[in-house]
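Structural features, examined
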Amino acid sequence: LLGSGGGLKSKGSAGAAALFEELVREIRIWTDRIGEKVVRVHTDMGGEFKGAFEELCKRLGARHTGPGGYRSESNPLGEGWNRIDQEGVRASLAG
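Described in the following lines is the structure provided in the data block. This structure is a prediction, so every number in the text was calculated from the model and none was measured.

Below, the discussion takes up the overall build of the protein chain. Assigned secondary structure in the protein chain consists of 3 helices and 2 strands. Helices (α) and strands (β) of the protein chain occur, in sequence order from the N terminus, as α-β-α-β-α. Looking at the 95 residues of the protein chain, the share that counts as buried comes to 23%. Of the contacts formed within the protein chain by residues at least 6 apart in sequence, a portion of 43% connects residues at least 24 apart.

On to the pattern of salt bridges. Side-chain pairing between opposite charges can occur once the charged atoms of the two side chains come close. A full pass over the atoms with the stated rule returns 2 salt bridges. For Glu21, the salt bridge identified is with Arg59, shortest N-O distance 3.3 Å. Placement of Glu21 in helix H1 (residues 13–34) and of Arg59 in helix H2 (residues 52–60) is noted, with a sequence separation of 38 residues between them. On the accessibility criterion, Glu21 (30% relative accessible area) is partly exposed. A salt bridge links Lys58 to Glu55; the nearest nitrogen and oxygen atoms lie 3.9 Å apart. Here Glu55 and Lys58 lie together in helix H2, a separation of 3 residues that amounts to about one turn. Residue classification places Glu55 among the partly exposed residues on the basis of a relative accessible area of 49%.

Grouped together as the largest cluster of nonpolar side chains are 10 residues: Ala16, Ala17, Phe20, Val24, Val41, Phe49, Phe53, Leu56, Cys57 and Ala62. Broken down by secondary-structure element, the contributors of at least two residues to this core are H1 and H2. If you tally residues by element for this core, the top one is H1, at 4 residues. Residues contacting Val41, with those up to four places away along its chain left out, are Phe20, Phe53, Cys57, Ala62, Arg63, His64 and Thr65.

What follows deals with H2. Every buried residue of H2 is listed here: Phe53, Leu56 and Cys57. End-on view of H2: buried residues confined to an arc of 100°, all on one side of the axis. Projecting away from the buried face of H2 at angles above 90 degrees are the exposed residues Lys58 and Arg59. Residues of H2 that are buried in the fold lie against H1, strand E1 (40–42) and strand E2 (63–65). Of the residues one or two after H2, Gly61 is the one with positive phi, at around 75°.

Cut-offs used in this document
Residues numbered from 1 in each chain as written. Predicted model: local features only at pLDDT ≥ 70, side-chain atom pairs only at ≥ 80, totals over all residues. Heavy atoms only, no water. Helix = DSSP H or I, 4+ residues; strand = E, 2+ residues; numbered from the N terminus. Buried < 20%, exposed > 50% of the residue type's maximum accessible area, 1.4 Å probe, protein only. Contact = heavy atoms within 4.5 Å. Salt bridge = Lys/Arg side-chain N within 4 Å of Asp/Glu carboxyl O. Core = buried A, V, L, I, M, F, W, Y, C linked by side-chain atoms within 4.5 Å. Arc of directions from axis to C-beta.

Listed below in structure tokens is the structure:
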């Protein structure tokens, strides 16, 4: 996609908005053919997805969503290592 050699020119909100606007133009070629539209954009909610980017989403009628709050269930491998580390520290202290 973005066959014109496009890319994120600047990491700020305006740069992300400009790239997203270009992407939406290309997507519309396909969505207009099937009668659909972009209704949601899911990002990591980084700083580049604020300001101009959110305004563009509103203008397009697309809802901007991000990850939910952190839950340990979302990262079982990492939480497992945390538990092992804690158990090791407790064993060393009890020692």
